[in-house]
Each structure stands twice: as C-alpha cells, then as structure tokens.
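# Reading the structure
Residue-level listing of the chains:
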Amino acid sequence: MNVDEHAEELASTLGVDKAEVKSDLENLLSYSVPIDEAKQSIRRKHGGDSGASAAPTSKDVADIDTDDGNVTVTVQVLTVGKRSIRYQGEEQTIREGEFADATGKISYTAWQDFGFEAGDSVTVGNANVREWDGKPELNLGQSTTVAVETNPVETAHETGGDTDLVDLRAGDRGRNVEVRVLESEERVISGRDGDTTIRSGVVADESARLPFTDWGARPELREGEAFRFEDVYVREFRGVPQVNLSEFTTVTPLSREVEVNENAPRMRIGEAVGSGGMFDVEVVGNLLEVRDGSGLIERCPDCGRVLQNGQCRTHGDVDGEDDMRVKAILDDGNGTVTAVLDRELTERLYGAPMDDAMEAAREAMDKEVVADEIRRRVVGREFRVRGNLSVDDYGANLEATEFEETEDDPADRAAAVLSEVSA
Ligand SMILES: [Zn+2]
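Residues numbered from 1 in each chain as written. Predicted model: local features only at pLDDT ≥ 70, side-chain atom pairs only at ≥ 80, totals over all residues.

The name given to the protein chain in an unreviewed UniProt entry is Replication factor A, and the organism recorded there is Halogeometricum pallidum JCM 14848.

Below you can see the structure in the form of structure tokens.
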C-alpha cells in the first residue's frame, strides 16, 4: 500500500477527512516514523483504538516472522541506544537496540522509556512486529509491557555494544567505540529548523577508518585526540557507514593511545562491491575505458551537478563552472568499478593544469580533445585506486583519493619474462 491508500483506509475506518489524515501521515513518515506506528498514532488522535489485533503469542527470537502481528518474547537486552526524533511536531526520545535469547537476536525500537538497560533480562509482552530491510524488528509502544526476569536469559551474543569500527553496519544502535579523531571540522548545515552547527570528519581505530558526524558539535573532538564514544548509531551516508553522535552520546577522553592503521584494506573489486559500500578501500585493476563525461566538464554553481548541454537537472539553464574529472572503468578479473577522479587527480593524469586543458580545447574547438588525450595516456594500463566505494542501483563508484599507475606495469613484466627466457 502507498501513503494514499493507507490514508484512504484510515480515513474510512475513522470517519474523518482523508486530506487531513494523509497530511498527518506524510508528516510522520518524513520523520522516519514507521508506517504502523504512524497509523496507530493517527488512530489515537481520532479516538480510535490502537489497532492491536490478535493476542500475542510467546515466541523464540529465531521464530519471529515478519508476518507475525504481535509477539511476547523473553530476552536479554544487548544494547540500548537513545535517539531523539520529531514526532507530531514535538521532540521525543526513543530507544533502539538489540534483544537476544538462546536462539538469536533481533532489533527493537521502544517509543517510550521502559527502564531496561543493557544486560537486563526481560519479558516483553505484546510487541508489534514490523519488517525492516526484509527482516523482523520489534516495536515497543503503548500497548507493550516489560517485566524484569530474575533468572538471566542465556544468549551467545555479547552485551553492552562495544564494537570495532570495521564491524559497524548501517542500522546499528547503542554502540560504543574507542577511536582517534583523524579529521574534524565544524560545519553549518541548513535543516528544517534553519541553520544548525554540526561537527564532522573521520575517526579511526586499529581496524578501520569511518566518517563521523557529531550532531552536538562538541568542540573537544579535535584532530589527534582519542576518545571513547558511548551510545553512537550508524547510518549510511553516500553509500558508506557513518558513525553518528547524538545529544545522548557520552564522550570520554582516552588516556591510552589508539593505534591507527594508515593503509586502506586492499580488496578484490568484486568482494569490495559485494560488501555494499566501504569508506576507505584500495583496489588494483586494468583501466578498460574512460567514460563519456570525462575531461573538461561544467558544473551547476548551485548544486555542483555536472551539466548536460548547459542544463542542470534541477536548476535548468545556468552559467556553468568549469571543472575536470575522469570516470574510468577498472577491472581486476574479479569485478568492475567506476573510479571517479576529482580535478587534481585528473590534472595529474592529463599532465597539465586545467588552464592548459581549456586552451587545448579552444584551439581544437572541441572539449573532447582533453578526454581523448587522457584516454591515450591511461587506457590499457594498470592502476592502484584508493577511495570511498558506494554501491547503488546505478553501479559501483569509487571516489578516488589516490590514483596511481602500478609500478610493475604489464610491459615491464613482459620484458622481465623475455629477459628470463633469453638468459
Ligand atoms: Zn543545479
């Protein structure tokens, strides 16, 4: 069902105006409130019952199915992350994390404070099952009860949320990490409440490097300092996992050193793409093709999009700003990826600064001479690329931070083989 159909259904069962219901629904959904919870809230607003259906059945975690309506589970609380969301125009604190029993673990969202903490064993009565990303999750709302169990619930999963960066995945809540801040910058972004100051950058531990955003803009998160962050959540941003600090995150300076691995993990292309996106990764592949839209390009001054025939997809006819980039297809026999190079890396491949490229284009009266020159220099050679990999329906893009021809290029290898043969 789409929003319109949900609104239609609600309006007819509640006997109220559909336009009003739809506007309320859209408002809630825009704040990431799940559709079931949004509909319950609208039912409550109009005095209907909360829509709780059949009596809940007691289940093992592994047996919970996305088709279950309401269930009762006896579990250990693994993690509790707090987050504040806007709900019907008001700030509301929700709690998210994972429960586990002997059979498995499951994510939950609690829309009020039930008072449980990580490590508690509880029976959660009448939790609503919803589907997220194809998997069941538990929704704890007004009709849910939580009772403390005196006997601890056994589980193979670790309690408390301490995690290495490399193991963080989008959707994780209530995690604790110990990191060194590598890059940190205060920025002002425009949100629905006007301008907001945030702090963002890169953190690292022994296992990996990840981007972070501190929505509280804590000034102490300076480059080079090491901290323990408790209660962070992970969201996907531009295709890679990002550590998020909220107002509920506690930040404690670390007295110990955090060793940081400066190298990006080297991966085969197919495996890197299969992981669904990585912040910092290195691949080596043969450059098969320099794609159209490489060389000299023009960008929209408002949004930075590359112009097509002088037109921005969003802003129409604009006065474009000159830029250079390369989109190159690399293949290592295991997979393919499009490496995207910024102006600086492109100028290096072209062998001259952008002013020279524009001069060459003016002389030839054709911008394509620049892309053609780049093609002549790189196609068929092997390159090492380091950067951020994002994967979506349109393919896999590696936003390059480093792009270098490998030292043992095929011609050298051939020469080496020949000299061995003739020796
Ligand atoms: Zn634009």
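Continuing now.
### Some thoughts on the overall build of the protein chain
When its secondary structure is counted, the protein chain shows 8 helices and 21 strands. C-alpha extents for the protein chain along the principal axes are approximately 80 × 55 × 45 Å. Among the 423 residues that make up the protein chain, the fraction classed as buried is 31%. Within the protein chain, contacts between residues at least 6 apart in sequence are counted, and of these 59% link residues at least 24 apart. (Helix = DSSP H or I, 4+ residues; strand = E, 2+ residues; numbered from the N terminus. Buried ≥ 20, exposed ≤ 12 C-beta atoms within 10 Å, placed from the backbone. Contact = placed C-beta atoms within 7 Å.)

### Points about the packing of helix α2 (residues 18-30) against helix α3 (residues 35-45)
Two elements in contact, α2 and α3, have axes separated by 10 Å at closest approach and are oriented at 135°. Between α2 and α3, the angle is such that the two are oblique. Note that α2 runs across α3; the crossing there is right-handed. Taking contact as the criterion, the partners of V21, D24, L25, L28 and L29 in α2 are, on α3, I35, A38, S41 and I42. (Axes fitted to C-alpha atoms, helices over the stretch in contact; angles between N-to-C directions. Parallel < 35°, antiparallel > 145°, perpendicular 65-115°, else oblique. Left-handed = near helix turned anticlockwise from the far one by under 90°.)

### Digging into the domain arrangement of the protein chain
A common measure of how large an interface is: the accessible area buried when the components associate. Taken domain by domain, the protein chain comprises domain 1 (3-45), domain 2 (57-148), domain 3 (165-253) and domain 4 (269-411). Computed over C-alpha atoms only, the centres of domain 1 and domain 3 are separated by 34 Å. (Domains from an automatic or database assignment.)

### A short note on the environment of G125
In this fold, G125 is placed in strand β6 (residues 121-132). Considering only alpha carbons, one finds G125 and I374, 249 residues apart in sequence, at a separation of 64 Å. Dropping the residues within four chain positions of it, G125 is found in contact with P56, T72, T144 and T145.

### Side note on α2
Residue pairs spaced three or four apart in an α-helix point in one direction, given the helix's 3.6 residues per turn. Across its 13 residues, α2 extends 18 Å between first and last C-alpha, which sits within 8% of the 18 Å expected from 1.5 Å per residue. Those residues of α2 not exposed but buried are V21, D24, L25 and L28. The buried residues of α2 occupy an angular sector of 100° when projected down its axis, which confines them to one face. Opposite the packed face of α2, turned more than 90 degrees from it, sit the exposed residues A19, S23 and S30. Among the residues trailing α2, S32 stands out with phi positive, at a value near 65°. (Expected span 1.5 Å × (residues − 1). Arc of directions from axis to C-beta.)

### Some details on the nonpolar core
Membership of the largest hydrophobic core comes to 54 residues, with the highest contact counts inside it found for L330 and A339. No fewer than three residues from each of domain 3 (165-253) and domain 4 (269-411) sit in this core. Core analysis: the next-biggest nonpolar cluster, separate from the first, contains 21 residues, V61, I106, Y108 and A127 among them. (Core = buried A, V, L, I, M, F, W, Y, C linked by C-beta atoms within 7 Å.)

### Considering the environment of W111
With respect to the element layout, W111 can be found in the loop between β5 (104-110) and β6. Taking C-alpha positions, W111 is 8.8 Å from E96, a pair spaced 15 residues apart along the chain. For W111, the residues in contact, after removing those within four places along its chain, are E37, I94, L140 and G141.

### Observations regarding the environment of G97
Note on placement: G97 falls in strand β4 (residues 90-101). Residues G97 and L78 lie 19 residues apart in sequence; the distance between their C-alpha atoms is 7.2 Å. Sequence-distant contacts of G97, defined by excluding residues within four places in its chain, comprise V77, L78, T79, V80, G81, Y108, R173 and G174.

### Observations concerning the pairing of strand β13 (residues 240-253)
Across 3 bridges, strand β11 (residues 209-214) lies against β13 in parallel orientation. In the sheet register, T213 faces β13, and the bridge partner there is N244. Bridge analysis of strand β12 (residues 226-237) against β13 gives 10 bridges, and the strand direction is antiparallel. Among the inter-strand pairings, V234 is bridged to a residue of β13, identified as V243. Here β12 folds back onto β13 in antiparallel fashion, the turn holding 2 residues, of which R238 has a positive phi close to 50°. (Pairing = 2+ DSSP bridges.)

### Observations concerning unusual backbone geometry
Even without being glycine, A217 reaches a positive phi, approximately 50°. With respect to the helices, strands and loops of the structure, A217 is situated in the loop between β11 and β12. When the 16 C-beta atoms within 10 Å are taken as the criterion, A217 is described as partly exposed. The backbone phi angle of N309 is positive, close to 50°, even though this residue is not glycine. Looking at where N309 falls in the secondary structure, it is placed in the loop between β15 (295-299) and β16 (311-312). On the basis of neighbour count, N309 is assigned to the exposed category, with 6 C-beta atoms found within 10 Å.

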